[in-house]
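So the chains spell out like this:
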Amino acid sequence: MFEIALAVVVLGLAIWTIAVPDTYSATVGFIAYGLLVALIWVRLDAVDVALTEAAIGGGLGGVVLLGAAARLRGTEAMTNERPSLTVRLSAAALSASIAAALAVAILLPPNPAPTLAPEVVSNAGATGMANPVTNVLMAFRAMDTMLEKVVLLLAIVGVWSLASDQAWGGRPGPRHQADPNGVLAFLARLLPPAGIVVGIYILWTGADHPGGAFQGGAVLASMWLLVIMAGLMDTPPVRSRWLRLVLVAGPGLFLVVGLGGICFGSAFLAYPAAFAKPLILSIEAAMLLTIATTLGLLLAGAPERSAER
Amino acid sequence: MSAVTVFGSYAAAAVGLGLYGLIAAPQPLRKIIAFNLLGSGVFLLFGIVGRRGAAAGFGNDPVPQALVITGVVVAFSATALAIGLLLRLFQITGSTTLNSRAAASPRSDPSGN
């Protein structure tokens, strides 16, 4: 019963997001949608994904969209020329048939359903970590996780490349001002110490329980952004060397360990069995820093001011 | 009805809705949101496959779960890059339309390029 109610509300929010004429309302609807989808993931017994979806999909993704919607609000009247009725009807027919085909495929699966869970269990002892999802991410499919770090790096290179010539190497976003005695400044002093501990705890507990570098990194990124938005700190200039070092720390260490696997083990990214857990935890620690910094900088956007100001 | 049936039907519907929005929405920002909706539907389909593959004491197959976590992070990066491009387009041309005929005449870029 709860499932049906949840699915109906989420479907309503999805339709609202697509159908409402005002972009700002659509964005707000999409944020609520992201948080409720995290609940669906909990009901599907995928708590690791639920944490990621709530933090990155709903939280940080929502902030990016909301910021863009606020800045582009004035252009809406210029670009509301809808496609012709024929195009819309064909699009609706196409989308409906694809949705129907997917529904058939997902509701009539092979029996028994294919699963890799027994393999995960039989190899779980190899890394010394109890969280099966962390095992898959960091050991069995480590290549995906490493390349995902590279994608984060490419995204930040892409966003920074959008800077104008004058702002190149400068600071992203406007300098935020807030009342030093206001609520925001108060929260920005109160929350980060606890938030940083929570973020690191989520990373640490990810070895054995739901959690990990992605979820912890998202928490750290939001703490950093809170301090920036309260005006207590400015965004760092993107030409700064330590910033670039932190950005390559995650993928860099991952690559080094992977190449070490060729020299001392059997293959690329093969961890020596005796050091698997410490190696994975150090990669995750470097990843935590890289993820937190990249997510924060992706939210801040392209450099807009020269570094001197 | 089980959770798999309910959420499986919903995930298929989300892909359809997202695809429609991607084609029919006039504003680029709405297309980005619709694309994210489509992505969320695809991720949920993965979750349903993992739920069906629950075995060996897990409620959900860990392999698709790990793939979805990687996917969520990549989708966020792509969204942030798309929004960066869109804001830059707005900064340079003063409008966000993708229709070249209706595009406003480019104003001089205050930042000098």
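The rules behind each value
- Residues numbered from 1 in each chain as written.
- Chains lettered and ligands numbered in written order.
- Predicted model: local features only at pLDDT ≥ 70, side-chain atom pairs only at ≥ 80, totals over all residues.
- Heavy atoms only, no water.
- Helix = DSSP H or I, 4+ residues; strand = E, 2+ residues; numbered from the N terminus.
- Buried < 20%, exposed > 50% of the residue type's maximum accessible area, 1.4 Å probe, protein only.
- Contact = heavy atoms within 4.5 Å.
- Areas by Shrake-Rupley, 256 points an atom, 1.4 Å probe, with all protein chains shown as cover.
- Salt bridge = Lys/Arg side-chain N within 4 Å of Asp/Glu carboxyl O.
- 1 Å grid on protein atoms, 1.4 Å probe; cavity = no way out; pocket = protein on both sides within 12 Å on 5 of 7 lines; lining within 4 Å.
- Points joined across faces, edges and corners; volume = space filled by probe spheres on them.
- Nonpolar A, V, L, I, M, F, W, Y, C, P; charged D, E, K, R; others polar.
- Polar contact = N/O pair within 3.5 Å; in protein donor to acceptor, adjacent residues only side chain to side chain.
- Core = buried A, V, L, I, M, F, W, Y, C linked by side-chain atoms within 4.5 Å.
- Expected span 1.5 Å × (residues − 1).
- Arc of directions from axis to C-beta.
- Patch = residues over 30% accessible without salt bridge, like charges linked within 9 Å, V, L, I, M, F, W, Y side chains within 5 Å.
- Phe/Tyr/Trp six-rings, centres within 6.5 Å; stacked < 30°, edge-to-face > 60°.
- Buried area = accessible area lost by both parts, 1.4 Å probe.
- Axes fitted to C-alpha atoms, helices over the stretch in contact; angles between N-to-C directions.
- Parallel < 35°, antiparallel > 145°, perpendicular 65-115°, else oblique.
- Left-handed = near helix turned anticlockwise from the far one by under 90°.

Concerning the overall build of chain B
Step number 1: Counting secondary structure elements, chain B contains 3 helices and 0 strands.
Step number 2: When the helices and strands of chain B are read in sequence order from the N terminus, they spell out α-α-α.
Step number 3: Within chain B, the fraction of its 113 residues that count as buried is 58%.
Step number 4: Contacts spanning at least 24 positions in sequence make up 42% of the contacts within chain B whose residues lie at least 6 apart.
Step number 5: In the structure as shown, chain B presents an accessible area of about 4,100 Å², 67% of it carried by carbon and sulfur atoms.

A look at the pattern of salt bridges
Step number 1: Summed over the entire model, instances satisfying the criterion amount to 7 salt bridges over all chains.
Step number 2: Where B:Arg51 meets A:Asp45, a salt bridge forms, and the shortest distance between an N and an O atom there is 3.2 Å. Here A:Asp45 lies in the loop between α2 (23–43) and α3 (47–71) and B:Arg51 lies in helix α2 (residues 28–52), a pairing that spans two chains.
Step number 3: We classify B:Arg51 as partly exposed; its relative accessible area is 25%.
Step number 4: Here A:Asp45 falls in the partly exposed class, since its relative accessible area comes to 40%.

Description of the side chain of A:Thr27
Step number 1: Considering the arrangement of structural elements, one finds A:Thr27 in helix α2.
Step number 2: Relative accessible area serves as the criterion here: at 0%, A:Thr27 is assigned to the buried category.
Step number 3: The contact partners of A:Thr27, leaving out residues within four places of it in the chain, are A:Leu65, A:Leu66, A:Ala69 and B:Ile33.

Quick word on empty space enclosed by the protein
Step number 1: A complete count under the given rule lists 3 cavities of 30 Å³ or more for this structure.
Step number 2: One number sums up the size of the largest cavity: a volume of about 190 Å³.
Step number 3: Lining the largest cavity are 16 residues, and of these A:Phe30, A:Glu53, A:Gly57, B:Asn36 and B:Ala75 lie nearest its centre.
Step number 4: Elements represented by at least two residues in the lining of the largest cavity include exactly α2 and α3 of chain A together with α2 and α3 (62–93) of chain B.
Step number 5: The dominant element in the lining of the largest cavity, judged by the number of residues it contributes, is α3(A), at 5 residues.
Step number 6: Residues that form the lining of the largest cavity fall into these classes: 8 nonpolar, 7 polar and 1 charged.
Step number 7: Approximately 70 Å³ is the volume found for the second largest cavity.

Topic: the environment of A:Pro109
Step number 1: Looking at the element boundaries, A:Pro109 is found in the loop between α4 (85–107) and α5 (117–122).
Step number 2: Sequence spacing of A:Pro109 and A:Gly158 is 49 residues, and the spatial spacing of their C-alpha atoms is 40 Å.

Some details on the side chain of A:Thr235
Step number 1: Within the secondary structure, A:Thr235 is located in the loop between α9 (213–229) and α10 (241–264).
Step number 2: At a separation of 3.5 Å, a polar atom in the side chain of A:Thr235 contacts the side chain of A:Asp234.

Examining the nonpolar core
Step number 1: A:Tyr33, A:Trp41, A:Phe254, A:Tyr271, B:Phe7, B:Tyr10 and B:Leu29 are the most contacted members of the largest nonpolar core, which has 99 residues in total.
Step number 2: The greatest single-element share of this core, amounting to 12 residues, is contributed by helix α11 (residues 276–300) of chain A.
Step number 3: Dropping the residues within four chain positions of it, A:Tyr271 is found in contact with A:Met138, A:Ala139, A:Ala142, A:Phe254, A:Val257, A:Ala276, A:Leu279, A:Ile280 and A:Ile283.

What to know about helix α1 (residues 2–19) of chain A
In an α-helix, one turn spans 3.6 residues; hence positions three or four apart end up facing the same way.
All names here are of chain A.
Step number 1: Over its 18 residues, α1 extends 26 Å from the first C-alpha to the last, a length consistent with the 26 Å expected when each residue adds 1.5 Å.
Step number 2: Where α1 is concerned, the buried positions are Glu3, Leu6, Ala7, Val10, Leu13, Ala14, Thr17 and Ile18. Here the buried residues of α1 occupy an arc of 135° about the axis, which is enough to place them on one side. Away from its buried face, by an angle of more than 90 degrees, α1 presents the exposed residues Val8 and Ala19.

Things to note about a nonpolar patch on the surface
Step number 1: On the surface, A:Val183, A:Phe186, A:Leu187, A:Leu190 and A:Leu191 cluster together to form a nonpolar patch covering roughly 460 Å² of accessible area.
Step number 2: Secondary-structure assignment places A:Leu187 in helix α8 (residues 183–205).

Some thoughts on the packing of aromatic side chains
Residue and element names in this part refer to chain A.
Step number 1: Considering all chains together, one arrives at 1 aromatic pair over all chains under this definition.
Step number 2: The interplanar angle of 20° and the centroid separation of 5.6 Å between the aromatic rings of phenylalanine 30 and tyrosine 33 together place this pair among those described as stacked. Pair noted here: phenylalanine 30 and tyrosine 33 are both in helix α2, with a separation of 3 residues, about one helical turn.

Re the interface of chain A and chain B
Step number 1: On the side of chain B, 76 residues touch chain A, which itself brings 92 residues to the contact.
Step number 2: Across the chain A to chain B interface the summed buried area is about 7,200 Å²; carbon plus sulfur atoms make up 79%.
Step number 3: The tally of links between chain A and chain B comes to 1 salt bridge.
Step number 4: Linking chain A to chain B there are 9 residue pairs in polar contact (both at pLDDT 80 or more).
Step number 5: In terms of residue count, α3(A) provides more of the side of chain A that touches chain B than any other element does, 14 residues in total.
Step number 6: Taken together, the residues that form the side of chain A that touches chain B break down as 61 nonpolar, 16 polar and 15 charged.

Here we look at the environment of A:Glu81
All names here are of chain A.
Step number 1: If you trace the backbone, glutamate 81 turns up in the loop between α3 and α4.
Step number 2: Take glutamate 81: its relative accessible area is 55%, and that puts it in the exposed class.
Step number 3: For the pair glutamate 81 and valine 150, spaced 69 residues apart in sequence, the C-alpha to C-alpha distance is 38 Å.

Side note on the packing of α8(A) against α9(A)
Residues and elements named next belong to chain A.
Step number 1: Between α8 and α9, whose axes approach to 8 Å, the crossing angle comes to 165°. In terms of orientation, α8 lies roughly antiparallel with respect to α9. Considering how the two elements wind past one another, α8 and α9 form a crossing that is left-handed. Contacts between α8 and α9 involve Leu184, Leu187, Ala188, Leu191, Pro192, Gly195, Ile196, Gly199, Ile202 and Leu203 from the first element and Ala213, Gln215, Gly216, Val219, Leu220, Met223, Leu226, Val227 and Met229 from the second.
Step number 2: Partitioning the contact of α8 with α9 into residue classes produces 15 nonpolar, 4 polar and no charged.

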